[in-house]
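# Architecture and fold: a report
Here is what each chain is made of, one letter per residue.
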Amino acid sequence: MATEIPDPNRLCFLCGETLDSGQPVNEEHIIPSWVLGRFSKNGQFATTHGLQRVRQRMGSHKLRVHKACNDLFDRLLERPMSRDRYTPELLWIWCLKIIVGLRFYEFGHDLDRTQPGKSQNQTLWDYEQDLEAFWYLSEQLLHGGAFQNTPVFSIIELDYLFDDPDFYYTLHHESGVFWLALQERAYLIFFNRLLSDEQLAEYQDLWIKIRDRANQSHSPQFVYNMYCARVAAHQYFSSASRSFDFARGVWEPVHPEYSEELEDELYAFFRLQVTRKNGAITEWYTLTEQ
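Description of the structure in this document. Model, not experiment: these values are computed from the prediction.

### Comments concerning the sheet that holds strand β4 (residues 167-172)
Within the open sheet, the four strands sit side by side as β3-β6-β5-β4. Their pairing is antiparallel. Among the strands making up the open sheet, the edge pair consists of β3 (154-158) and β4. Neighbouring strand axes in the sheet, compared pairwise and without regard to direction, differ in orientation by 15° on average. With six bridges joining them, strand β5 (residues 177-182) and strand β6 (residues 185-190) adopt antiparallel strand pairing. Bridge pairing in β6 places V177 opposite F190. Against the sheet, helix α6 (residues 220-237) engages β3, β4, β5 and β6, with an angle of about 15° to β6.

### What to know about unusual backbone geometry
Both trends apply: most residues other than glycine have a negative phi, and most peptide bonds are in trans. Located in the positive-phi region is R271, a residue other than glycine, with phi close to 65°. Positionally, R271 belongs in the loop between α7 (260-269) and β9 (272-277). By relative accessible area, which is 23% here, R271 ends up partly exposed. Phi is positive for N278, which is not a glycine, with a value near 55°.

### Some details on the side chain of R193
Tracing the backbone shows R193 in the loop between β6 and α5 (197-213). At 3.4 Å, the side chain of R193 and the backbone oxygen of S175 are in polar contact.

### Notes on the packing of α6 against α7
Relative to each other, α6 and α7 sit at 140°, their axes nearing to 10 Å. Viewed along their axes, α6 and α7 adopt a mutual orientation that is oblique. Two packed elements cross with a definite hand, and for α6 against α7 that hand is right-handed. Touching A229, R230, A232, A233, Y236 and F237 of α6 are L262, E263, L266 and Y267, all from α7. Here the residues of the contact of α6 with α7 are counted per class, giving eight nonpolar, no polar and two charged.

### Some thoughts on α7
Considered for burial, the residues of α7 that qualify are L262, E263, L266, Y267 and F269. Projected down its long axis, α7 shows its buried positions confined to an angular sector of 150°, all on one face. Where α7 is buried, its residues meet β4, α6, β9 and β10 (280-286). Downstream of α7 by one or two residues, R271 has phi in the positive range, about 65°.

### Focus: the environment of C15
Here C15 shows up in the segment before β1 (25-29). Residue C15 is classed as partly exposed on the basis of its relative accessible area of 26%. Placed 123 residues apart in sequence, C15 and S138 show a C-alpha to C-alpha distance of 8.4 Å.

### Some remarks on the side chain of S154
Assignment of secondary structure puts S154 in strand β3. Side-chain polar atoms of S154 contact the backbone nitrogen of L195, separated by 2.8 Å. Leave out the neighbours within four places in its chain, and S154 touches L188, I189, F190, R193, L194, L195 and L200.

### A few points about the packing of aromatic side chains
Tallied over the entire structure, the rule returns 18 aromatic pairs. When the centroid spacing of 5.7 Å and the interplanar angle of 65° are considered together, the rings of Y160 and F162 count as edge-to-face. Assessed through its relative accessible area of 13%, F162 is described here as buried. Arranged with centres 5.5 Å apart and planes meeting at 40°, the rings of F167 and Y169 form a pair that is tilted. Taken together through their ring pairs, the aromatic side chains of Y160, F162, Y168, W179, W207, Y224 and Y227 make up a single cluster.

Parameters at a glance
- Residues numbered from 1 in each chain as written.
- Predicted model: local features only at pLDDT ≥ 70, side-chain atom pairs only at ≥ 80, totals over all residues.
- Heavy atoms only, no water.
- Pairing = 2+ DSSP bridges.
- Helix = DSSP H or I, 4+ residues; strand = E, 2+ residues; numbered from the N terminus.
- Axes fitted to C-alpha atoms, helices over the stretch in contact; angles between N-to-C directions.
- Contact = heavy atoms within 4.5 Å.
- Buried < 20%, exposed > 50% of the residue type's maximum accessible area, 1.4 Å probe, protein only.
- Polar contact = N/O pair within 3.5 Å; in protein donor to acceptor, adjacent residues only side chain to side chain.
- Parallel < 35°, antiparallel > 145°, perpendicular 65-115°, else oblique.
- Left-handed = near helix turned anticlockwise from the far one by under 90°.
- Nonpolar A, V, L, I, M, F, W, Y, C, P; charged D, E, K, R; others polar.
- Arc of directions from axis to C-beta.
- Phe/Tyr/Trp six-rings, centres within 6.5 Å; stacked < 30°, edge-to-face > 60°.

In structure tokens:
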């Protein structure tokens, strides 16, 4: 297990190689520049660690990368995404690229080096697993054109509820949930989990129920947040939830001990608060921010 953080300021986050190798270097936006230029970005918020929610102004956040890597990702990933010509695999890699970029930025700027409830070594291990998985998968897709093994992800396409095209996302790393609204489409992406057909059907039915029960007083963001929170809670506390350890090539169970307090903290991450009666949730509200 690693005891030192791989220095994000010395590595190209797109390939994992050092930046002092003599190759030309330029800067890459964590949120791609075509997104920043096209949408208002007023819905963005993100985190990569546990139940801590970190607001970020993503437009100014860049990372130094190899120019050759930047050009390759632009040609094979960003252009299809920007032109709405992407496969589920490309969408998945694109989301992983944002996740890895966020983690690189956070570790490089000391924003958060320890996840809640985890030791420093556990946090570093998770960090390195994200990086290794992204580098391995992007190498297969961008250089080989196909995955050698079954991709470990699931995507549910949701109704787009906003009035105008815009860009929004929410990342809850501990449950493996990445919600994305982009170009009049919306998705819930399980970026390191391959769900069963039964689980996918269950979550699709849940979306329909929450969407149909929403009324005019509920904003689109509230509806999405409630859905994401419900799914994240189920993944977070479910004994059936598993994540894939790329380094060891095995599935690992994810089963934190349930408590109402921890569940309420998870909902607060999604900007929601609940009222309970005898332990059961009776009402949902938007969390008032201080």
